[in-house]
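Topology and contacts: notes
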Amino acid sequence: MKLVATSFLVGATVIFFATHAFEGAWVGYVRAAAEAGMVGALADWFAVTALFKRPLGLPIPHTAIIPTRKNMFGKTLGDFVGVNFLSPEVVQDKLKRAGIAERAGAWIKEPENAERITNEMANVIKGAITVLKDEEVQAVLEHAIVKRVTEKPWGPPLGKLLNQVLTDGAHHKLVDLMCDRAYEWVRDNYDKVSLIVTDRAPTWSPKFVDALLGDKVYTELVNFAWAVKTDVTHPMRLAIDQFMIEFSEDMQTDPATMQKAEQVKQQVINHPDVQKLISSAWGTAKKMLIDAAEDPSSELRKRVTQGLITLGTNLTSDADLRAKVDGWLEQAAGYVVQNYRAEITTLITDTVERWDAEETSRKIELQVGRDLQFIRINGTVVGALAGLVIYTVANALF
């Protein structure tokens, strides 16, 4: 396509010089059209080339736009994703419409699912109790638990627990909701995406060039959002996992987050049931728990299973309870995206910064360059027609 576009320029040049060998009234018209076609072709060649490199290698200002402003494009895209996709309003609205509490309740209230949860809980209890020594546990219960629980912060262990949840992949449904919303927004907001590109284009850049770039950026962004939505191993999803891991680490190291965990700790320690549990005899508790955990027909396991079924039934039938649970989820999700949105969007900015400027420019040129060569062709043709019209009008008037 470069060769085709250049051939138009060469053709206009040949015609321009060839007209000097002829005489006649028609020669001026042909010469004017050829001359204007040369000017139009050269101007559009400069405009197209300036997007990707410096024309003729000259250090002309506002050229090689993509290589020199690559990092700014990455930052702009990161800010755009953070503001429009990772805002608390967007995430909370998606959670509200997803009805997570109702779905969870519908699953838990099924007897086989409740029994499955109970079995897993029983295995955990048996494993934990078996490895403990009675005398050590009794000493800890009587002399150390209350003091240590009071003195030690809860942030680090809760952070470790959250880290384990992330390791098990229990957070993936929330990530799926975010990815679905991101793709839907990009798909339905062509005008906004194009506007971002055109607003940041140089003032001298032709509008149709900006429009072509806007179309390409929109297409690539839609493809990117679809890839994130459908590919569970996409780097964007991995970045979300990473930022959630960082949140669990903040619970272990960030003073503000740890302080909130301390407030929860005091409420739990002061709860009557907790005080009663601490004062109970370890031997009796151990035997009761092991027997109950090993016996599928034990009263404890039946009660746990029935309690889970009741909870699931309540979640599906009690609108107030569902609203409360969904509200907790929405608040938690809003807090996460509000406080850790920057960590997610750095994936975009850091990735773009790592790209080689020349290689990036070359790849983009290969994607959109064919269409841009038509601009050069049109510039030659339109320039020739404009030159012919101007020459004709000038002769008619003067």
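Reference entry: report on the structure contained in this document. Owing to the predicted nature of the structure, the values given are computational and were not obtained by experimental measurement.

**Re the overall build of the protein chain**
- Scanning the protein chain from N- to C-terminus turns up 19 helices and 0 strands.
- A burial count over the protein chain gives 36% of its 398 residues as buried.
- Split by element, the accessible area of the protein chain, about 23,600 Å² in all, is 62% carbon and sulfur.

**Some words on the pattern of salt bridges**
- Under the definition given, this model contains 5 salt bridges.
- With a shortest N-O distance of 3.0 Å, R97 and D93 are connected by a salt bridge. Here R97 pairs with D93, and both are found in helix α5 (residues 88–98), just 4 residues apart, close to one helical turn.
- Relative accessible area serves as the criterion here: at 49%, R97 is assigned to the partly exposed category.

**A short note on the side chain of T118**
- Mapping T118 onto the fold places it in helix α7 (residues 111–130).
- Exposure remark for T118: the relative accessible area of 3% places this residue in the buried category.
- When near neighbours in sequence (up to four residues on either side) are disregarded, T118 contacts R301, V304, T305 and L308.

**Quick look at a nonpolar patch on the surface**
- Together, V4, F8, V381, V382 and L385 line one region of the surface with nonpolar side chains, adding up to about 410 Å² of accessible area.
- Counting residues per element, the nonpolar patch draws most heavily on helix α19 (residues 357–397), which supplies 3 residues.
- Mapping V382 onto the fold places it in helix α19.
- By relative accessible area, which is 53% here, V382 ends up exposed.

**As for the packing of aromatic side chains**
- In the structure shown here, the tally under the stated rule is 3 aromatic pairs.
- With a centroid separation of 5.1 Å and 85° between ring planes, the pair formed by Y29 and Y391 is classed as edge-to-face. Here the residue Y29 occupies a position in helix α2 (residues 25–52), and Y391 occupies one in helix α19, the gap between them amounting to 362 residues.
- On the basis of relative accessibility, which here comes to 31%, the residue Y29 falls in the partly exposed class.

**Focus on the environment of E246**
- Relative to the helices and strands, E246 is located in helix α13 (residues 235–253).
- Along the sequence, E246 and Y340 sit 94 residues apart, while their C-alpha atoms lie 8.9 Å from each other.

**Quick notes on the nonpolar core**
- Grouped together as the largest cluster of nonpolar side chains are 33 residues, with contacts concentrated most on F80, F85, V186, I240 and F243.
- Among the elements of the structure, α4 (70–84), α5, α10 (172–188), α12 (207–230), α13 and α18 (319–354) are those that each provide at least two residues to this core.
- Looking at this core element by element, the count peaks at 8 residues for α10.

**Observations regarding the packing of helix α6 (residues 100–108) against helix α17 (residues 299–317)**
- Put simply, α6 and α17 touch, their axes get as near as 7 Å, and they point 145° apart. The two elements α6 and α17 meet at a crossing, and its hand is left-handed. Contact residues: α6 offers A101, E102, G105, A106 and I108, while α17 offers L308, I309, G312, T313, L315 and T316.
- Broken down by class, the residue content of the contact of α6 with α17 amounts to 6 nonpolar, 4 polar and 1 charged.

**Looking at the packing of α10 against α13**
- Where α10 contacts α13, the two axes come as close as 11 Å, and the packing angle between them is 130°. Considered as vectors, α10 and α13 are oriented oblique to each other. As α10 packs across α13, the resulting crossing turns out to be right-handed. Residues H172, V175, D176, M178 and C179 of α10 lie in contact with α13, whose contacting residues are R237, I240 and D241.
- Each residue belonging to the contact of α10 with α13 can be placed in one class, and the counts come to 4 nonpolar, 1 polar and 3 charged.

**Remarks on the side chain of K94**
- The residue K94 is located in helix α5 in this model.
- Looking at K94, the relative accessible area reads 12%, which means it is buried.
- When sequence neighbours within four positions are dropped, the list of residues in contact with K94 reads L177, D180, R181 and E184.

Rules used in this analysis
- Residues numbered from 1 in each chain as written.
- Predicted model: local features only at pLDDT ≥ 70, side-chain atom pairs only at ≥ 80, totals over all residues.
- Heavy atoms only, no water.
- Helix = DSSP H or I, 4+ residues; strand = E, 2+ residues; numbered from the N terminus.
- Buried < 20%, exposed > 50% of the residue type's maximum accessible area, 1.4 Å probe, protein only.
- Areas by Shrake-Rupley, 256 points an atom, 1.4 Å probe, with all protein chains shown as cover.
- Salt bridge = Lys/Arg side-chain N within 4 Å of Asp/Glu carboxyl O.
- Contact = heavy atoms within 4.5 Å.
- Patch = residues over 30% accessible without salt bridge, like charges linked within 9 Å, V, L, I, M, F, W, Y side chains within 5 Å.
- Phe/Tyr/Trp six-rings, centres within 6.5 Å; stacked < 30°, edge-to-face > 60°.
- Core = buried A, V, L, I, M, F, W, Y, C linked by side-chain atoms within 4.5 Å.
- Axes fitted to C-alpha atoms, helices over the stretch in contact; angles between N-to-C directions.
- Left-handed = near helix turned anticlockwise from the far one by under 90°.
- Nonpolar A, V, L, I, M, F, W, Y, C, P; charged D, E, K, R; others polar.
- Parallel < 35°, antiparallel > 145°, perpendicular 65-115°, else oblique.

Note that every value here comes from positions in space, so none of it alone points to a role or purpose.
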